[in-house]
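# Survey of secondary and tertiary structure
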Amino acid sequence: MDLQKELNKTGGFKNLALLAKQVVEGFIAGMHKSPFHGFSAEFAEHKIYNPGESTKHIDWKLYAKTDRLYTKRYDEETNLRCHLIIDNSASMHYPESAGTTLENLNKIAFSALASASLMHILKKQRDAVGLSVYSDQYDFYAPEKGSERHHQMLIHKLNETVMETSEAKTTETYRYLHQIAEKIHRRSLIFVFTDMFQSSESDEKLFEALRHLKHNKHEVVLFHVFDKSKELSFDFDNKPKRFIDIETGEHINLYADTVKNNYQTAVNAYFKDLKIKCGQYRIKYVEADINAGFDSILTTYMIERQKFI
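Numbering of residues starts from 1 in each chain and follows the order in which that chain's sequence is written. Thresholds applied to this predicted model are a pLDDT of at least 70 for local features of residues and 80 or more for the giving and counting of side-chain atom pairs; totals over whole chains, interfaces and linings are not thresholded and use all residues. As a rule here, side-chain values cover all heavy atoms of the structure and leave hydrogens and water aside.

### A short note on the overall build of the protein
Put simply, the rule is: Only DSSP runs of H or I with at least four residues qualify as helices, and only runs of E with at least two residues qualify as strands; both kinds are numbered from the N terminus onward. Three labels apply to residues, based on accessible area from a 1.4 Å probe with only protein chains included: buried if under 20% of the type maximum, exposed if over 50%, partly exposed otherwise in between. Two residues form a contact once any of their heavy atoms are found within 4.5 Å. Reported accessibility uses the Shrake-Rupley method at a 1.4 Å probe radius. Residues are deemed covered only where the shown protein chains occlude them.
A count of helical and extended segments in the protein gives 10 helices and 10 strands. For the protein, buried positions account for 47% of its 309 residues. The contacts of the protein with a sequence gap of at least 6 include a subset with a gap of at least 24, amounting to 74%. Taken as a whole, the protein presents about 16000 Å² of accessible surface, with 48% of it coming from carbon and sulfur.

In structure tokens:
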């Protein structure tokens, strides 16, 4: 399937579930060994069907050969509870010129598609998934469930999130992470998608909130979402430009080359500090460059799920 054509046909992320499925299947096809092996219930043996039992697992092919009803018995599986948290602040809608095509994602579109891909795997594994979205307020919360209706509701919310218009508003990430932490009572695997940009509070408060997420033996993975070429490498041509803070509206006019070296030094130091602090607080830190695809996201899930259960 040509994913680009599918996106054009459906008008962006109108068919997010299908696109997520293709992302996951493409990821699996590129691996030598299926990452699903051993994750869900594995077929163990046949047993004779007893009247009154569910017909869901009857092996009809075997019935055609033997004229007797047998059901497939499965090894018991351990279901996972997963909660996805998405930062939908104004800075997550950078780059503003980006659309919803695989070659032109902004940070919020990347996060939504990554989340939908994870949800597709969770659904396949019959695991429960919940979702929280915050911006300058706590926009949305859904507890962990595994039903098809619940899955479709979350897909719809991810679609809405991508299509929302960005407004210049600051956000207090730490405040909403504390609120989310209070809502997740049963042990869960928690994925946080954020660019880690906020202007009003210290980084220490943000990490206190991330530590709060780890209570009740939760495992927390921080996907640090950013545009590496622009936000880390500062890869702009040396023409006069106006750089605008998306969240505050403040701006500065300058030539990119005049500040590039100092900018890279400061941002690299910030990224390094983030990694160190995550290590100290036993939070899994994963760089999520919006131009690098979804392999790091899905690989992290596979590894963390095995460790979690």
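This is not the end of the story, as more comes after the structure.
### Quick word on the pattern of salt bridges
Basically, it comes down to this: Only one rule defines a salt bridge in this text: a Lys or Arg side-chain nitrogen within 4 Å of an Asp or Glu carboxyl oxygen.
Inspection of every chain in the model, using the stated rule, returns 11 salt bridges. Note that Glu 148 and Lys 123 form a salt bridge whose closest N and O atoms lie 2.6 Å from each other. In this pair, Glu 148 sits in helix α5 (residues 148–163) while Lys 123 sits in helix α4 (residues 107–124), placing the two residues 25 residues apart along the sequence. Assessed through its relative accessible area of 41%, Glu 148 is described here as partly exposed. Of the charged contacts, one joins Glu 304 and Lys 307 as a salt bridge, the two residues approaching to 3.2 Å between their closest N and O atoms. Of this pair, Glu 304 and Lys 307 both sit in helix α10 (residues 295–308), separated by 3 residues, roughly a single helical turn. Its relative accessible area of 59% is what places Lys 307 among the exposed residues. A single network of salt bridges, built from pairs that share partners, joins Lys 107, Asp 195 and Glu 231.

### Looking at the packing of helix α6 (residues 173–183) against helix α7 (residues 203–213)
Rule in force here: Convention adopted: a line fitted to C-alpha atoms gives each axis, helices being fitted over their contacting stretch, and angles between N-to-C directions are expressed from 0 to 180 degrees. Just so you know how the angles are binned, under 35 degrees is roughly parallel, over 145 roughly antiparallel, 65 to 115 roughly perpendicular, and the rest oblique. Two helices cross in a left-handed way if the nearer one is turned anticlockwise from the farther one by less than a right angle. They cross in a right-handed way if the turn is clockwise. Think of it as three bins: nonpolar holds Ala, Val, Leu, Ile, Met, Phe, Trp, Tyr, Cys and Pro, charged holds Asp, Glu, Lys and Arg, and polar takes everything else, Gly as well.
At a minimum axis distance of 8 Å, the contact between α6 and α7 shows a crossing angle of 10°. Classified by the angle their axes make, α6 and α7 are roughly parallel. Here α6 runs over α7; the crossing is left-handed. Contact residues: Thr 173, Tyr 174, Leu 177, His 178, Ile 180, Ala 181 and Glu 182 in α6; Lys 205, Leu 206, Glu 208, Ala 209, Leu 210, His 212 and Leu 213 in α7. Across the contact of α6 with α7, the residue classes tally to 8 nonpolar, 3 polar and 3 charged.

### As for empty space enclosed by the protein
Formally: Buriedness for pockets is judged along seven lines, at least five of which must meet protein on both sides within 12 Å for an open set on the 1 Å grid over protein atoms alone, while cavities are sets there where a 1.4 Å probe fits but cannot get out, and lining residues have an atom within 4 Å of a point. Grid points are joined across faces, edges and corners, and a volume is the space filled by probe spheres set on the points.
Under the defined criterion, the tally for this structure stands at 2 cavities of 30 Å³ or more. Here the second largest cavity is characterised by a volume of approximately 40 Å³. What lines the second largest cavity is Met 119, Leu 122, Lys 123, Asp 127, Val 129, Lys 145, Gly 146, Ser 147 and His 151. Here the lining of the second largest cavity takes 3 residues from α4, the largest share from any one element. Classifying every residue of the lining of the second largest cavity gives 3 nonpolar, 3 polar and 3 charged.

### Examining the side chain of Lys 214
Heads up, the rule is: Counting rule for charge: Lys and Arg are taken as positive, Asp and Glu as negative, and neither His nor the chain ends is counted.
As for its position among the elements, Lys 214 is in the loop between α7 and β7 (219–226). Nearest to the buried, unbridged Lys 214 among oppositely charged side chains is Glu 219, at 4.1 Å.

### Details of α5
Basically, it comes down to this: Any helix carries an expected span of 1.5 Å times its number of residues minus one.
With 16 residues, α5 should cover 22 Å at 1.5 Å per step; its first-to-last C-alpha distance of 23 Å lies within 8% of that length. Buried within α5 we find His 150, His 151, Leu 154, Ile 155, Lys 157, Leu 158, Asn 159, Thr 161 and Val 162. Contacts from the buried residues of α5 go to α2 (16–29), β3 (81–87), α4, β4 (128–134) and β5 (138–145).

### Regarding the nonpolar core
To keep it simple, the criterion reads: Definition of nonpolar core: a set of buried residues of the types Ala, Val, Leu, Ile, Met, Phe, Trp, Tyr and Cys, connected through side-chain atoms within 4.5 Å.
Of all hydrophobic cores here, the largest spans 48 residues; its most connected members are Phe 191 and Phe 193. In this structure, Phe 191 is in contact with Cys 82, His 83, Leu 84, Ile 85, Leu 118, Val 221, Phe 223 and Tyr 301, ignoring residues within four places of it in sequence. Formed by 28 residues, the second largest nonpolar core is a distinct cluster that contains Val 220, Leu 222, Leu 232 and Leu 274.

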